[in-house]
Amino acid sequence: MQATPLIPYRTQLNYLPLKRNRIWEIDFIRGICVLLMILDHLSILIEGYFAPSWYGSAFYAGAVGDSFSLFCRQWVNGDVRPIIHNIVLFFFFGVSGISCTLSRSNLKRGAQLAIIAIIYSFCSLFAEEVIGISSVTTVFGVLDFLAVCMLLYAFISWACHGQPYAISTVAAGIIGIVLILYFCYVPPKSTPKIFAILFPSHDIHGVPSLFYKQSDFSPGDLFTLIPYSAYFFAGVMLAPILYGNRKSLLPKLDGKWNIPVCFVGKYALLVYIVHLVALAGLLSLITGLFITPGNFGF
(Lines give C-alpha, C1' and ligand atoms only; values in the text may rest on other atoms or scores of the structure.)
Protein backbone atom coordinates (compact mmCIF):
# COMPACT_ATOMS: atom_id res chain seq x y z
CA MET A 1 0.00 0.00 0.00
CA GLN A 2 1.46 3.39 -1.10
CA ALA A 3 2.04 5.84 1.72
CA THR A 4 0.27 9.18 1.56
CA PRO A 5 2.77 12.09 1.51
CA LEU A 6 2.68 14.34 4.55
CA ILE A 7 2.68 17.46 2.35
CA PRO A 8 0.18 17.53 -0.55
CA TYR A 9 1.72 17.60 -4.01
CA ARG A 10 0.21 20.99 -4.90
CA THR A 11 1.73 22.49 -1.75
CA GLN A 12 5.12 20.96 -2.59
CA LEU A 13 5.08 22.79 -5.94
CA ASN A 14 5.08 26.12 -4.11
CA TYR A 15 8.45 25.27 -2.60
CA LEU A 16 10.17 24.26 -5.82
CA PRO A 17 12.79 26.74 -7.03
CA LEU A 18 11.37 28.54 -10.04
CA LYS A 19 13.34 30.30 -12.74
CA ARG A 20 13.08 34.05 -12.41
CA ASN A 21 12.05 35.58 -15.71
CA ARG A 22 13.31 39.09 -16.40
CA ILE A 23 10.72 41.59 -17.53
CA TRP A 24 11.96 42.17 -21.05
CA GLU A 25 10.59 45.68 -21.58
CA ILE A 26 12.49 47.04 -18.58
CA ASP A 27 15.79 45.83 -20.05
CA PHE A 28 14.68 47.08 -23.47
CA ILE A 29 13.87 50.61 -22.28
CA ARG A 30 17.11 50.75 -20.31
CA GLY A 31 19.02 49.50 -23.35
CA ILE A 32 17.50 52.15 -25.62
CA CYS A 33 18.43 54.84 -23.09
CA VAL A 34 22.02 53.56 -22.87
CA LEU A 35 22.39 53.46 -26.66
CA LEU A 36 21.09 57.04 -26.92
CA MET A 37 23.54 58.04 -24.18
CA ILE A 38 26.40 56.52 -26.17
CA LEU A 39 25.40 58.50 -29.27
CA ASP A 40 25.13 61.66 -27.18
CA HIS A 41 28.58 61.14 -25.67
CA LEU A 42 29.97 60.39 -29.13
CA SER A 43 28.67 63.79 -30.27
CA ILE A 44 30.22 65.50 -27.23
CA LEU A 45 33.61 63.84 -27.83
CA ILE A 46 33.65 64.81 -31.51
CA GLU A 47 32.42 68.37 -30.90
CA GLY A 48 34.63 69.12 -27.92
CA TYR A 49 37.80 67.12 -28.47
CA PHE A 50 38.33 65.69 -31.94
CA ALA A 51 36.71 67.99 -34.50
CA PRO A 52 38.99 70.91 -33.53
CA SER A 53 41.96 68.65 -34.19
CA TRP A 54 40.49 67.50 -37.47
CA TYR A 55 39.34 70.83 -38.91
CA GLY A 56 40.63 73.57 -36.63
CA SER A 57 38.50 75.88 -34.52
CA ALA A 58 36.16 76.56 -37.45
CA PHE A 59 34.41 73.82 -39.40
CA TYR A 60 34.58 74.17 -43.16
CA ALA A 61 31.78 72.76 -45.28
CA GLY A 62 32.73 70.01 -47.66
CA ALA A 63 33.87 66.65 -46.40
CA VAL A 64 31.43 64.09 -45.04
CA GLY A 65 33.33 63.99 -41.76
CA ASP A 66 33.15 67.75 -41.50
CA SER A 67 29.40 67.69 -42.04
CA PHE A 68 28.98 65.12 -39.27
CA SER A 69 31.20 67.15 -36.95
CA LEU A 70 29.10 70.21 -37.66
CA PHE A 71 25.96 68.19 -36.88
CA CYS A 72 27.52 67.14 -33.56
CA ARG A 73 28.26 70.76 -32.70
CA GLN A 74 24.71 71.82 -33.54
CA TRP A 75 23.26 68.92 -31.55
CA VAL A 76 25.38 69.50 -28.43
CA ASN A 77 24.70 73.25 -28.39
CA GLY A 78 21.12 73.19 -29.72
CA ASP A 79 17.81 73.68 -27.96
CA VAL A 80 16.48 70.20 -28.71
CA ARG A 81 19.14 68.27 -26.79
CA PRO A 82 18.07 69.39 -23.26
CA ILE A 83 14.50 68.26 -23.99
CA ILE A 84 15.53 64.85 -25.36
CA HIS A 85 18.12 64.53 -22.59
CA ASN A 86 15.49 64.95 -19.87
CA ILE A 87 13.08 62.52 -21.54
CA VAL A 88 15.79 59.85 -21.76
CA LEU A 89 16.82 60.46 -18.14
CA PHE A 90 13.20 60.18 -17.00
CA PHE A 91 12.84 56.75 -18.57
CA PHE A 92 16.30 55.57 -17.50
CA PHE A 93 15.97 56.63 -13.88
CA GLY A 94 12.30 55.60 -13.85
CA VAL A 95 13.03 52.01 -14.87
CA SER A 96 15.88 51.99 -12.33
CA GLY A 97 13.29 52.82 -9.68
CA ILE A 98 11.01 50.06 -10.93
CA SER A 99 13.93 47.60 -10.91
CA CYS A 100 14.56 48.35 -7.23
CA THR A 101 11.02 47.28 -6.37
CA LEU A 102 11.65 43.97 -8.13
CA SER A 103 14.94 43.30 -6.33
CA ARG A 104 15.49 41.97 -2.82
CA SER A 105 19.09 43.11 -2.45
CA ASN A 106 19.02 46.89 -2.86
CA LEU A 107 21.20 47.55 0.17
CA LYS A 108 23.90 45.28 -1.21
CA ARG A 109 23.49 46.55 -4.77
CA GLY A 110 23.54 50.18 -3.63
CA ALA A 111 26.68 49.68 -1.55
CA GLN A 112 28.46 47.89 -4.40
CA LEU A 113 27.47 50.61 -6.84
CA ALA A 114 28.69 53.30 -4.42
CA ILE A 115 32.12 51.65 -4.33
CA ILE A 116 32.21 51.46 -8.12
CA ALA A 117 31.14 55.12 -8.33
CA ILE A 118 33.98 56.20 -6.02
CA ILE A 119 36.52 54.26 -8.10
CA TYR A 120 35.07 55.78 -11.28
CA SER A 121 35.40 59.29 -9.81
CA PHE A 122 39.05 58.70 -8.91
CA CYS A 123 39.71 57.40 -12.43
CA SER A 124 38.11 60.50 -13.93
CA LEU A 125 40.27 62.70 -11.66
CA PHE A 126 43.36 60.78 -12.78
CA ALA A 127 42.39 61.26 -16.43
CA GLU A 128 42.13 65.02 -15.95
CA GLU A 129 45.03 65.71 -13.60
CA VAL A 130 47.59 63.20 -14.86
CA ILE A 131 46.69 62.41 -18.46
CA GLY A 132 45.50 65.95 -19.12
CA ILE A 133 42.01 65.33 -20.53
CA SER A 134 40.05 68.45 -19.59
CA SER A 135 36.61 68.63 -17.95
CA VAL A 136 36.13 64.93 -17.22
CA THR A 137 36.35 64.82 -13.41
CA THR A 138 33.06 63.43 -12.12
CA VAL A 139 32.21 63.95 -8.44
CA PHE A 140 28.52 63.02 -8.39
CA GLY A 141 27.66 61.40 -11.68
CA VAL A 142 25.00 58.89 -12.67
CA LEU A 143 26.61 56.04 -10.69
CA ASP A 144 26.77 58.07 -7.48
CA PHE A 145 23.22 59.27 -8.00
CA LEU A 146 21.82 55.78 -8.53
CA ALA A 147 23.78 54.40 -5.58
CA VAL A 148 22.28 57.02 -3.24
CA CYS A 149 18.78 56.41 -4.61
CA MET A 150 19.13 52.63 -4.17
CA LEU A 151 20.33 53.03 -0.59
CA LEU A 152 17.52 55.47 0.13
CA TYR A 153 15.03 53.03 -1.36
CA ALA A 154 16.47 50.20 0.77
CA PHE A 155 15.91 52.30 3.90
CA ILE A 156 12.36 53.22 2.88
CA SER A 157 11.56 49.59 2.09
CA TRP A 158 12.87 48.54 5.50
CA ALA A 159 10.91 51.29 7.27
CA CYS A 160 7.72 50.33 5.41
CA HIS A 161 8.25 46.59 6.09
CA GLY A 162 8.34 45.97 2.35
CA GLN A 163 4.71 46.96 1.83
CA PRO A 164 4.50 48.04 -1.85
CA TYR A 165 1.78 50.66 -1.50
CA ALA A 166 3.32 52.15 1.64
CA ILE A 167 6.61 52.49 -0.27
CA SER A 168 4.69 53.99 -3.20
CA THR A 169 3.09 56.56 -0.89
CA VAL A 170 6.46 57.59 0.55
CA ALA A 171 7.84 57.84 -3.01
CA ALA A 172 4.98 60.18 -3.94
CA GLY A 173 5.84 62.33 -0.92
CA ILE A 174 9.50 62.50 -1.94
CA ILE A 175 8.50 63.53 -5.47
CA GLY A 176 6.34 66.32 -4.05
CA ILE A 177 9.13 67.62 -1.80
CA VAL A 178 11.69 67.47 -4.62
CA LEU A 179 9.45 69.39 -7.04
CA ILE A 180 8.58 72.03 -4.45
CA LEU A 181 12.27 72.62 -3.71
CA TYR A 182 13.13 72.67 -7.40
CA PHE A 183 10.48 75.19 -8.38
CA CYS A 184 10.19 77.28 -5.22
CA TYR A 185 13.55 77.38 -3.40
CA VAL A 186 16.82 79.08 -4.33
CA PRO A 187 19.77 78.09 -2.09
CA PRO A 188 21.58 81.20 -0.77
CA LYS A 189 25.18 82.01 -1.58
CA SER A 190 26.26 80.89 1.89
CA THR A 191 25.13 77.29 1.26
CA PRO A 192 28.04 74.82 1.83
CA LYS A 193 29.31 73.30 -1.41
CA ILE A 194 28.62 69.79 -0.17
CA PHE A 195 24.96 70.52 -0.91
CA ALA A 196 25.85 70.67 -4.59
CA ILE A 197 24.82 67.00 -4.72
CA LEU A 198 21.31 68.17 -3.82
CA PHE A 199 20.71 71.32 -5.83
CA PRO A 200 21.27 71.74 -9.59
CA SER A 201 23.89 74.11 -10.96
CA HIS A 202 21.11 76.00 -12.80
CA ASP A 203 17.52 76.61 -11.82
CA ILE A 204 14.55 75.89 -14.08
CA HIS A 205 15.03 79.27 -15.80
CA GLY A 206 18.71 78.61 -16.50
CA VAL A 207 19.98 81.02 -13.82
CA PRO A 208 23.30 79.73 -12.39
CA SER A 209 23.46 78.55 -8.80
CA LEU A 210 24.48 81.15 -6.23
CA PHE A 211 26.78 78.91 -4.21
CA TYR A 212 28.71 76.78 -6.72
CA LYS A 213 29.70 76.30 -10.35
CA GLN A 214 29.53 72.86 -11.89
CA SER A 215 32.91 73.44 -13.53
CA ASP A 216 34.44 73.83 -10.06
CA PHE A 217 32.54 71.01 -8.36
CA SER A 218 32.08 68.31 -11.01
CA PRO A 219 33.29 69.35 -14.49
CA GLY A 220 32.11 66.04 -15.96
CA ASP A 221 28.65 64.67 -15.28
CA LEU A 222 26.54 65.95 -12.39
CA PHE A 223 23.18 64.42 -11.49
CA THR A 224 21.82 66.20 -8.44
CA LEU A 225 19.15 64.66 -6.25
CA ILE A 226 16.96 67.64 -7.11
CA PRO A 227 15.27 67.19 -9.55
CA TYR A 228 16.46 63.78 -10.80
CA SER A 229 15.42 61.76 -7.75
CA ALA A 230 11.84 62.63 -8.73
CA TYR A 231 12.39 60.58 -11.91
CA PHE A 232 13.70 57.62 -9.92
CA PHE A 233 10.91 57.67 -7.36
CA ALA A 234 8.30 58.09 -10.08
CA GLY A 235 9.28 54.57 -11.11
CA VAL A 236 9.09 53.42 -7.48
CA MET A 237 5.64 55.01 -7.12
CA LEU A 238 4.25 53.41 -10.28
CA ALA A 239 5.81 49.98 -9.80
CA PRO A 240 3.01 48.41 -7.70
CA ILE A 241 0.48 49.51 -10.30
CA LEU A 242 2.47 48.42 -13.34
CA TYR A 243 4.31 45.37 -12.01
CA GLY A 244 2.49 44.29 -8.87
CA ASN A 245 2.40 40.73 -10.21
CA ARG A 246 6.07 40.91 -11.35
CA LYS A 247 5.15 40.00 -14.92
CA SER A 248 5.69 41.66 -18.28
CA LEU A 249 3.01 44.03 -19.48
CA LEU A 250 3.75 43.04 -23.09
CA PRO A 251 4.56 39.31 -23.06
CA LYS A 252 3.32 38.76 -26.64
CA LEU A 253 5.87 41.25 -27.99
CA ASP A 254 8.81 39.47 -26.42
CA GLY A 255 11.08 37.59 -28.81
CA LYS A 256 14.48 37.30 -30.43
CA TRP A 257 14.13 40.72 -32.07
CA ASN A 258 14.82 42.54 -28.80
CA ILE A 259 17.79 40.45 -27.62
CA PRO A 260 20.58 42.90 -28.68
CA VAL A 261 18.94 45.92 -27.03
CA CYS A 262 17.93 43.92 -23.94
CA PHE A 263 21.52 42.68 -23.66
CA VAL A 264 22.72 46.29 -23.48
CA GLY A 265 20.04 47.06 -20.90
CA LYS A 266 20.88 44.02 -18.78
CA TYR A 267 24.56 44.95 -18.66
CA ALA A 268 24.04 48.72 -18.59
CA LEU A 269 26.53 49.25 -15.76
CA LEU A 270 29.36 47.55 -17.62
CA VAL A 271 28.51 49.36 -20.85
CA TYR A 272 28.44 52.70 -19.02
CA ILE A 273 31.83 52.14 -17.41
CA VAL A 274 33.65 51.14 -20.61
CA HIS A 275 31.85 53.10 -23.32
CA LEU A 276 33.61 56.46 -22.88
CA VAL A 277 37.07 54.89 -22.84
CA ALA A 278 36.16 52.76 -25.86
CA LEU A 279 34.75 55.70 -27.84
CA ALA A 280 37.65 58.00 -26.96
CA GLY A 281 40.19 55.29 -27.76
CA LEU A 282 38.61 54.49 -31.12
CA LEU A 283 38.34 58.14 -32.16
CA SER A 284 41.88 58.82 -30.97
CA LEU A 285 43.21 55.85 -32.93
CA ILE A 286 41.40 56.98 -36.09
CA THR A 287 42.73 60.50 -35.58
CA GLY A 288 46.33 59.51 -34.96
CA LEU A 289 46.52 56.99 -37.81
CA PHE A 290 44.48 58.52 -40.60
CA ILE A 291 43.48 62.16 -40.05
CA THR A 292 46.39 63.89 -38.28
CA PRO A 293 49.18 61.26 -38.19
CA GLY A 294 50.99 61.34 -34.88
CA ASN A 295 48.43 63.62 -33.25
CA PHE A 296 45.84 61.56 -31.43
CA GLY A 297 43.44 64.39 -30.72
CA PHE A 298 43.94 65.14 -27.03
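See the structure printed just above.
Residues numbered from 1 in each chain as written. Predicted model: local features only at pLDDT ≥ 70, side-chain atom pairs only at ≥ 80, totals over all residues. Heavy atoms only, no water.

1. Let's talk about a nonpolar patch on the surface
A cluster of nonpolar side chains, namely Tyr 165, Leu 238, Ile 241, Leu 242, Leu 249, Leu 250, Leu 253 and Trp 257, defines an oily patch on the protein surface of about 820 Å² accessible area. Top element by residues in the nonpolar patch is helix α9 (residues 225-243). It accounts for three residues. (Patch = residues over 30% accessible without salt bridge, like charges linked within 9 Å, V, L, I, M, F, W, Y side chains within 5 Å. Areas by Shrake-Rupley, 256 points an atom, 1.4 Å probe, with all protein chains shown as cover. Salt bridge = Lys/Arg side-chain N within 4 Å of Asp/Glu carboxyl O. Helix = DSSP H or I, 4+ residues; strand = E, 2+ residues; numbered from the N terminus.)

2. A closer look at the nonpolar core
Ranked by internal contacts, the top residues of the largest apolar core, which has 61 residues, are Val 34, Phe 93, Val 142, Phe 145, Leu 146, Phe 232 and Phe 233. Broken down by secondary-structure element, the contributors of at least two residues to this core are α2 (24-55), α4 (80-101), α5 (106-131), α6 (142-159), α7 (164-184), α9 and α11 (268-291). A per-element tally of this core places α2 first, with 10 residues. Among residues more than four places away in sequence, those in contact with Phe 233 are Cys 149, Leu 152, Ile 156, Ala 171, Ile 174 and Ile 175. Counting seven residues, the second-largest nonpolar core is a separate cluster that includes Ile 26, Val 95, Ile 98 and Ala 239. (Core = buried A, V, L, I, M, F, W, Y, C linked by side-chain atoms within 4.5 Å. Buried < 20%, exposed > 50% of the residue type's maximum accessible area, 1.4 Å probe, protein only. Contact = heavy atoms within 4.5 Å.)

3. Brief notes about α9
Under the 1.5 Å per step criterion, the end-to-end length of α9 is 25 Å for 19 residues, consistent within 8% with the ideal 27 Å. Along its length, α9 shows its largest kink, about 35 degrees, at Met 237, and proline Pro 240 lies within four residues downstream of that point. With 15 of 19 residues buried, α9 lies mostly within the body of the structure. (Expected span 1.5 Å × (residues − 1). Bend = angle between axes of the 7 residues up to and from the residue.)

4. Things to note about unusual backbone geometry
Residue Ile 226 is joined to Pro 227 through a cis peptide bond whose omega torsion reads 10 degrees. Considering the arrangement of structural elements, one finds Pro 227 in helix α9. One non-glycine residue, Ser 135, lies in positive phi territory at about 60 degrees. Secondary-structure assignment places Ser 135 in the loop between α5 and α6. Among the residues examined, Ser 135 registers a relative accessible area of 43% and is labelled partly exposed. One non-glycine residue with positive phi stands out, namely Arg 246, at about 60 degrees. With respect to the secondary-structure elements, Arg 246 resides in the loop between α9 and α10 (259-266).

5. Comments concerning the layout of surface pockets
Taken as a whole, the second largest pocket encloses approximately 350 Å³ of empty space. In terms of lining, the second largest pocket is formed by 20 residues, of which the most central are Thr 101, Leu 102, Tyr 153, Gly 162 and Arg 246. Among the secondary structure elements, those contributing two or more residues to the lining of the second largest pocket are α4, α5, α6, α7 and α9. For the lining of the second largest pocket, the class distribution of residues is 11 nonpolar, seven polar and two charged. (1 Å grid on protein atoms, 1.4 Å probe; cavity = no way out; pocket = protein on both sides within 12 Å on 5 of 7 lines; lining within 4 Å. Points joined across faces, edges and corners; volume = space filled by probe spheres on them. Nonpolar A, V, L, I, M, F, W, Y, C, P; charged D, E, K, R; others polar.)

6. Brief notes about the pattern of salt bridges
Counted under the stated rule, the structure contains four salt bridges. Salt-bridge contacts for Asp 27 lead to Arg 22; the nearest nitrogen and oxygen are separated by 2.7 Å. We classify Asp 27 as buried; its relative accessible area is 5%. The shortest N-O distance in the salt bridge between Glu 47 and Arg 73 comes to 3.9 Å. Of the two residues, Glu 47 sits in helix α2 while Arg 73 sits in helix α3 (residues 64-77), which places them 26 residues apart along the sequence.

7. Description of the side chain of Thr 191
Relative to the elements of secondary structure, Thr 191 occurs in the loop between α7 and α8 (214-217). Within polar-contact distance, the side chain of Thr 191 engages the backbone oxygen of Pro 188 at 2.7 Å. (Polar contact = N/O pair within 3.5 Å; in protein donor to acceptor, adjacent residues only side chain to side chain.)

8. A word on the environment of Ala 172
Residue placement: Ala 172 occurs in helix α7. Judged by relative accessible area, Ala 172 falls into the partly exposed class, the value being 35%. Taking C-alpha positions, Ala 172 is 8.7 Å from Ala 230, a pair spaced 58 residues apart along the chain.

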